[in-house]
Amino acid sequence: MKPYKTIIIDDELPARLRLNKLSADFPDIIEVVGEADNGNIAVELIDSAQPDLIFLDIQMPGKDGFEVLKQIRYNPVVVFCTAYDEFALRTFDSLCVDYLLKPFTRDRFEGCINKLKKFSGRQNDFNLQELSGKLNFLNKREDVTSIPVKSGDRVVFVKVEDVSYFMADEKYVTLVTKHAKSHLLDCSLKKMEEKLIHQFLRIHKSYLVNKNLIREVHKHFNNRYVLVMDDYEQTRLTSGRNYYSEIKGLLEL
Amino acid sequence: MMKQVIFISAFILIVLVRLGAQGNNTYDIITWKVIGERLFDGSKTKATRYEEDIRIILKGAESSQDSAVVIELIDELNQLIQTINVSLVKEDGNFFIIREPEYSVITNRTFQKIVGSQILNTRLQLNAGDFNKPKEVSPLYYFVFRNLTKIYEPRHGKSEYGGIFDSGKPETAKLHEIDKNLIRKLYSENFYSELRKNMIAIRGFFYYIHLRYQNYLVYAPLIGGILISVFLFFYFLSGGAVGRKNLSYKRYLLNGILISVSIALLYVLIMMPQQSGLLIGFHILKTMKVSFINSLILGFLAASIMFLIEKEITKRISNIIQKQVLIFLSTFFSILITLLIIMAAFIVFYSTKENISIHFENTFYLAFIAILVAGLRIVFNILNLRIQSMVNQKDVEIARMRELKNQAELNALYSRINPHFLYNSLNSIAGLAHLDPDKTERMAISLSSLFRYSINKEDKTYATVEEELEMVTKFLEVEKLRFDEKLQYTIKAEEHLLRKEIPRFLIQPLVENALKHGLAKITEQGILKIEVKQEQNDLIIKVYDNGPDFPDEPVTGYGLQNLHDKLQLLYGDDAVLNWYNGKNKFIQVTLKGQL
């Protein structure tokens with residue numbers, strides 16, 4: 001069996017050194033033909049050298065591992081080497097031959113080699129969508145817990161759970177806490193909505209409310225609702241016509 | 001201006017009331033006076049009368065003429081009486097008129113069953129002859145009229161109008177217009193409101209109050225006395241008497257006069273027997289005038305003497321028990337001496353034998369009071385001391401609890417080395433092991449001392465700038481394993497700041513952030529700068545990096561919330577965290593007023 005022509009892609013020198021060293025112990029399976037320390041070089045190298053196998057780190061500055069996979073035209077066999085936690089990486093089982101969780105032992109590397117020995121044929125075309133979805137899931141698993149707000153000469157942190165709602169006017173977004181304190185933010189309501197998608201609901205072009213602090217929902221005419229927030233002022237907010245279905249969806253939960 | 005308005009309104013009101021009281025009947029005034037004197041004795045607020053229909057039963061009538069007389073009387077009464085009906089009945093009566101047979105002569109007997117101010121039953125035993133007399137001088141009329149109510153001795157003498165309600169004997173009484181008027185008023189619907197109006201107009205407000213509410217009024221001095229005692233009790237217990245500066249002369253005078261005047265007032269209020277006199281108020285004032293001046297002088301002198309003595313005591317004695325004993329003696333003797341002085345003054349100016357003996361008597365009482373006052377003073381002092389010590393104890397407890405809470409919160413916020421950092425570092429070190437053993441050793445040791453610092457066995461909240469920067473350097477050395485040439489860092493700290501104390505793990509998270517979110521995100525050369533400097537009275541820590549700008553949106557994983565909370569706990573508003581984007585992007589912690 002011919003050894004796999006291999007390219008090592010990792011931004012950290014020690015990681016590359018280690019893979020090199022370990023691979024040197026299995027010359028009949030792995031033949032290292034190149035290294036890349038960032039995503040751009042990696043793409044070029046892969047497309048030009050057309051290796052059989054790449055050891056790919058996911059977390060790299062600039063282009064990350066996923067970006068690299070999206071951009072290459074050639075499809076090598078992929079072994080992910082990364083520091084995500086094991087449980088998450090198991091989701092990659094179906095998508096790659098093996099993954100190496102840093103720091104990995106020599107024995108673990110050997111296990112990977114064994115899999116490669118048994119593996120025949122080429123890697124199927126990646127289902128990039130699925131990969132991207134899983135990556136996004138891994139990325140976004142951490143819930144946002146605080147929002148930095150510039151207040152005078154300093155930055156204060158407002159806990160997300162303390163925010164009652166965001167209100168947008170022409171230029172700014174105002175954050176209103178459940179204790180009726182308000183802060184001006186530079187960020188757009190849309191960005192807030194994206195980041196806080198799990199905890200907040202957009203009910204109007206100008207309002208983004210904390211789902212956990214909605215106290216009552218009253219039907220209003222014209223496909224609108226009136227929401228009463230469980231904050232200090234018991235704020236009443238009227239939803240926009242276009243957001244009717246979002247709120248209905250919330251009620252059905 | 002206000003005072004004048006009030007006076008004028010009051011005057012007008014009084015005039016109106018008096019005018020309103022003028023009845024159509026010229027006898028009205030006398031009638032009311034009689035009502036006031038005869039129908040009330042101060043034991044009840046209401047005048048006695050029948051409240052239910054009067055059902056008269058005549059017994060022993062021999063001829064129809066007897067009953068005719070009674071019927072005529074009943075008619076007369078019904079014209080006068082508004083509130084109830086009078087009638088002659090055969091059974092179930094509540095007013096018995098018993099005509100004794102001709103041959104028996106009895107002194108007319110009357111019997112009334114009264115509950116509260118309501119007559120329930122009346123029994124009259126009359127002689128036969130009483131029924132024959134003409135109306136004006138009829139004993140029948142005399143007794144029936146008088147038994148429609150209850151009559152008392154007048155307090156201010158008889159009215160001398162010669163009527164039924166005025167005389168004690170039927171022989172001297174004549175049925176007068178006033179008598180009828182009296183019954184008419186007594187048994188009218190608005191008797192009490194008319195009573196009030198007219199009594200106030202004719203006799204004055206105090207008379208009216210005294211008339212109806214005397215039995216309550218009697219308690220007023222007692223209640224007043226109790227209120228004053230309660231007030232004094234709380235005043236002295238609250239330590240209000242002591243004030244901020246313990247031994248100020250003003251305080252002594254104030255307390256001395258307060259006590260002596262209160263004692264005089266209490267004496268008058270409580271010791272004074274329940275006067276049935278109308279003008280208790282005036283009486284009190286009269287007695288007070290003399291005691292008032294006496295007590296002022298007493299208070300002033302005694303307090304002054306006490307002040308002088310106790311100033312010396314406090315200077316020399318600190319033992320609490322000894323101090324209290326001496327204060328007791330000082331109080332007692334100060335009062336006694338003052339009394340003697342006042343007495344001597346009296347003897348000199350008003351020397352008559354009478355006066356002197358009275359004064360000697362009084363002195364015994366007052367000496368007793370002096371002991372009482374001295375004793376009470378000690379009691380209050382001790383009580384106050386105990387309360388004070390309890391409060392102090394509570395304060396200490398609260399302070400301790402607050403400290404514990406702070407400590408717990410700080411502990412919760414304690415910084416750990418980021419586990420991800422650990423993975424990566426160990427991985428890098430493992431990779432180095434065969435290639436460069438010396439470097440491996442150095443890195444492993446750096447990592448280990450970083451952890452030792454993080455564990456913080458001694459529970460210290462603060463570390464010197466030097467110690468913190470040493471740790472940051474070790475951290476960066478290890479990180480350089482991963483970043484290699486891509487990481488370039490400089491650390492600058494002003495010499496005199498190196499020994500300054502700052503919170504542990506203040507700088508490392510900032511640097512870690514700069515690497516994780518800054519330098520790790522770029523592909524070109526990463527530059528990191530750490531500065532510790534002084535600006536006016538503030539200690540400034542700045543960390544520059546050339547990575548991407550701080551985002552405007554909410555973020556996770558920055559660990560800055562944690563840092564921010566810790567700074568809040570330790571410095572409150574004196575710690576400022578801020579960051580600046582742009583060409584020289586940096587994050588800064590300012591510790592205000594630390595230098």
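Structure: above.
Residues numbered from 1 in each chain as written. Chains lettered and ligands numbered in written order. Predicted model: local features only at pLDDT ≥ 70, side-chain atom pairs only at ≥ 80, totals over all residues. Heavy atoms only, no water.

**Some points on the sheet that holds strand β15 (residues 236–238) of chain A**
Hydrogen bonding along the main chain pairs the strands of a sheet, whether they run parallel or antiparallel.
Residues and elements named next belong to chain A.
And then number 1: As summarised here, the arrangement of the 3 strands in space is β13-β14-β15, forming an open sheet in which the pairing is antiparallel. Among the strands making up the open sheet, the edge pair consists of β13 (214–219) and β15. If you compare each strand with its neighbour and ignore which way they point, the axes differ by 25° on average.
And then number 2: Bridging between strand β14 (residues 225–229) and β15 involves 3 bridges; their strand directions are antiparallel. Its bridge partner lying in β15, Leu227 is registered against Leu237.
And then number 3: Sitting on the sheet, helix α8 (residues 244–252) touches β13 and β14, and the angle it makes with β14 is about 55°. (Pairing = 2+ DSSP bridges. Helix = DSSP H or I, 4+ residues; strand = E, 2+ residues; numbered from the N terminus. Axes fitted to C-alpha atoms, helices over the stretch in contact; angles between N-to-C directions. Contact = heavy atoms within 4.5 Å.)

**Here's the deal with the environment of Ala374 of chain B**
All names here are of chain B.
And then number 1: With respect to the helices and strands, the residue Ala374 is situated in helix α12 (residues 353–412).
And then number 2: For the pair formed by Ala374 and Phe328, sequence separation is 46 residues and the distance between their alpha carbons is 5.2 Å.
And then number 3: In contact with Ala374, other than residues within four places in its own chain, are Phe328, Thr331 and Phe332.

**Notes on the pairing of strand β4 (residues 95–99) of chain B**
All names here are of chain B.
And then number 1: The element β4 is extensively covered by neighbouring structure, given that 5 of its 5 residues are classed as buried.
And then number 2: Of the two faces of β4, the one lined by Phe95, Ile97 and Arg99 and the one lined by Phe96 and Ile98 are each fully buried.
And then number 3: Direction of pairing for strand β2 (residues 54–59) relative to β4: parallel, over a ladder of 4 bridges. Paired with Ile56 across the bridge in β4 is Phe95.
And then number 4: In the sheet, β4 pairs with strand β6 (residues 118–126) via 5 bridges, with the strands oriented parallel. Bridge pairing in β6 links Phe95 to Thr122. (Buried < 20%, exposed > 50% of the residue type's maximum accessible area, 1.4 Å probe, protein only.)

**Observations regarding a negative patch on the surface**
And then number 1: Among the surface-exposed residues, Glu466, Glu467, Glu495 and Glu501 of chain B lie close enough to one another that they form a single negatively charged patch.
And then number 2: Turning to its location among the elements, Glu467 of chain B is positioned in helix α15 (residues 465–483). (Patch = residues over 30% accessible without salt bridge, like charges linked within 9 Å, V, L, I, M, F, W, Y side chains within 5 Å. Areas by Shrake-Rupley, 256 points an atom, 1.4 Å probe, with all protein chains shown as cover. Salt bridge = Lys/Arg side-chain N within 4 Å of Asp/Glu carboxyl O. Lys, Arg positive; Asp, Glu negative; His and termini not counted. Charge placed at Lys NZ, Arg CZ, Asp CG, Glu CD.)

**What to know about the packing of aromatic side chains**
And then number 1: Under the criterion given, the structure shown has 22 aromatic pairs over all chains.
And then number 2: Seen from their ring centres, Tyr252 of chain B and Phe307 of chain B are 5.2 Å apart, and the 70° between their planes marks the pair as edge-to-face. Taken together, the residues span a long stretch of sequence, with Tyr252 of chain B in helix α9 (residues 249–271) and Phe307 of chain B in helix α10 (residues 280–316) at a distance of 55 residues. Exposure class is identical for Tyr252 of chain B and Phe307 of chain B. Each is buried.
And then number 3: Taken together, a centroid distance of 5.1 Å and an interplanar angle of 45° make the contact between Tyr544 of chain B and Phe586 of chain B tilted. In this pair, Tyr544 of chain B sits in strand β11 (residues 538–545) while Phe586 of chain B sits in strand β13 (residues 586–591), placing the two residues 42 residues apart along the sequence.
And then number 4: Taken together, the ring pairs in this structure connect Phe26, Phe55, Phe104 and Phe109 of chain A into an aromatic cluster.
And then number 5: Here the guanidinium or amino end of Arg504 of chain B rests over the ring plane of Tyr453 of chain B, the centre of that ring lying 4.3 Å away.
And then number 6: Directly above the ring of Tyr544 of chain B sits Lys529 of chain B, whose terminal nitrogen or CZ lies 5.5 Å from the centroid. (Phe/Tyr/Trp six-rings, centres within 6.5 Å; stacked < 30°, edge-to-face > 60°. Lys NZ or Arg CZ within 6 Å of the ring centre and 35° of its normal.)

**A few points about the interface of chain A and chain B**
Accessible area lost upon the coming together of the parts is a frequently used measure of interface size.
And then number 1: Between chain A and chain B, the contact holds 34 residues from the first and 34 residues from the second.
And then number 2: The junction of chain A with chain B conceals about 3100 Å² of combined surface from both sides, 57% of it contributed by carbon and sulfur atoms.
And then number 3: At the junction of chain A and chain B, the tally comes to 3 salt bridges.
And then number 4: Linking Asp573 of chain B and Arg154 of chain A is a salt bridge whose minimum nitrogen-to-oxygen distance equals 3.8 Å.
And then number 5: Contributions of two or more residues to the side of chain A that touches chain B are made by α1 (13–24), β6 (146–151), β7 (154–159) and α7 (189–195) of chain A. (Buried area = accessible area lost by both parts, 1.4 Å probe.)

**Here's the deal with unusual backbone geometry**
And then number 1: Residues other than glycine seldom take positive phi values, yet Ala180 of chain A does so here, at roughly 70°.
And then number 2: In this fold, Ala180 of chain A is placed in the loop between β9 (173–177) and β10 (182–185).
And then number 3: Positive phi values are uncommon outside glycine, yet Gln536 of chain B reaches one of about 55°.
And then number 4: Within the secondary structure, Gln536 of chain B sits in the loop between β10 (526–535) and β11.

**Some details on the sheet that holds β13 of chain B**
Residues and elements named next belong to chain B.
And then number 1: Pairing in this open sheet of 5 strands is mixed, and the strands run β8-β10-β11-β13-β12 from one edge to the other. The sheet is open, and its two borders are formed by β8 (487–493) and β12 (575–580), each paired with just one other strand. Along the sheet, successive strands turn relative to each other by an average axial angle of 10°, direction set aside.
And then number 2: Bridge analysis of β10 against β11 gives 8 bridges, and the strand direction is antiparallel. The residue bridging Lys529 from the neighbouring strand is Tyr544, located in β11.
And then number 3: Its contacts with the sheet put helix α16 (residues 507–518) on β8, β10, β11 and β13, and the angle it makes with β11 is roughly 20°.
And then number 4: In the packing of helix α17 (residues 560–571) onto the sheet, the strands contacted are β12 and β13, and the crossing angle to β12 comes to about 150°.

**Topic: the side chain of Ser138 of chain B**
Residue and element names in this part refer to chain B.
And then number 1: Within the secondary structure, Ser138 is located in the loop between β6 and α4 (139–146).
And then number 2: Since its relative accessible area comes to 5%, Ser138 is described here as buried.
And then number 3: Within the local environment of Ser138, its side chain forms a polar contact with the backbone nitrogen of Leu140, the two atoms lying 3.0 Å apart.
And then number 4: Among residues more than four places away in sequence, those in contact with Ser138 are Asp130 and Lys133. (Polar contact = N/O pair within 3.5 Å; in protein donor to acceptor, adjacent residues only side chain to side chain.)

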